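Structural overview for review
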Amino acid sequence: FSAIQNNDKVGVVFFSDQIEKFIPPKKGSSHILRIIREIVTFTPQHKGTDIGEGLKFLTSAIKKRSTTFLISDFITDKPFERELRIAAGKHDLVSLRITDKRELIIPRMGLVKFKDAETGQETWIDTSKHSWNEAYQKYIQNVSAKLNKVFANNGIDNTLIYTDMDYVKPLMQMFKRREARR
């Protein structure tokens, strides 16, 4: 809706492990409403995640420098740092990292079956083991630190948004930080 007020063009790329849908940037309220409708109703055809593929498409499809919001949980086994660096060099890239607090700390519940949403692989884990909890916490911290470093090294604004909280406050803080740099 800010784009409507500013008469900005808005587009969207939906991706999984491949490009699912692309709506090229346009102006106008009917176009924005189409994008909102697509966001609400979109169902991906594939389950994988390849952020690099989405960034490659963005870099080739959008020729003019633009402000681009990359919205993801950034949980992927596929490296994407190279594509991120290229996209950040061409566009003003902003990362909105969505996470659920329940993925950060796993409660000690004993033996639990976990299922990878992308591969379908199931694994039993004894969450009551202190060593597993400690290793998991270290892994989460390392992944988060690595992502933050990659974003910082490439001049990408990065905002963490939790699924159980209002997203407006972190977004407003991010926009204020960006405005202060101008």
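For clarity, every value in this text was computed on a predicted model and none was experimentally measured. (Residues numbered from 1 in each chain as written. Predicted model: local features only at pLDDT ≥ 70, side-chain atom pairs only at ≥ 80, totals over all residues. Heavy atoms only, no water.)

In this structure, strand β5 (residues 111-115) lies alongside strand β6 (residues 122-126), joined through five bridges in antiparallel fashion. For F114, the partnering residue across the bridge sits in β6 and is T123. Taken together, β5 and the strand that follows it, β6, pair antiparallel across an intervening segment of six residues, in which G120 is found at a positive phi of about 80°. (Pairing = 2+ DSSP bridges. Helix = DSSP H or I, 4+ residues; strand = E, 2+ residues; numbered from the N terminus.)

Here we come to the side chain of S95. Locating S95 in the fold gives a position in strand β4 (residues 92-99). With relative accessibility at 1%, the residue S95 sits in the buried group. (Buried < 20%, exposed > 50% of the residue type's maximum accessible area, 1.4 Å probe, protein only.)

This part is about the nonpolar core. General note: in soluble globular proteins, nonpolar side chains tend to be found buried as a group. Judged by nonpolar contacts, the single largest core of 15 residues is most densely connected at L55, L70, F74, F80, L84 and L93. Taken together, the elements giving at least two residues each to this core come down to α3 (51-61), α4 (81-90) and α5 (130-153). Not counting chain neighbours up to four residues away, the residues in contact with F80 comprise I51, G52, L55, F74 and L147. Listed in part, the five residues of the second largest apolar core include V94, L96, I161 and M174. (Core = buried A, V, L, I, M, F, W, Y, C linked by side-chain atoms within 4.5 Å. Contact = heavy atoms within 4.5 Å.)

Next up on the list: a negative patch on the surface. Where like charges cluster on the molecular surface, the negative patch consists of D73, D77, E103, D116 and E118. If you trace the backbone, D73 turns up in the loop between β3 (67-72) and α4. Given the relative accessible area of 34%, D73 is considered partly exposed. (Patch = residues over 30% accessible without salt bridge, like charges linked within 9 Å, V, L, I, M, F, W, Y side chains within 5 Å. Areas by Shrake-Rupley, 256 points an atom, 1.4 Å probe, with all protein chains shown as cover. Salt bridge = Lys/Arg side-chain N within 4 Å of Asp/Glu carboxyl O. Lys, Arg positive; Asp, Glu negative; His and termini not counted. Charge placed at Lys NZ, Arg CZ, Asp CG, Glu CD.)

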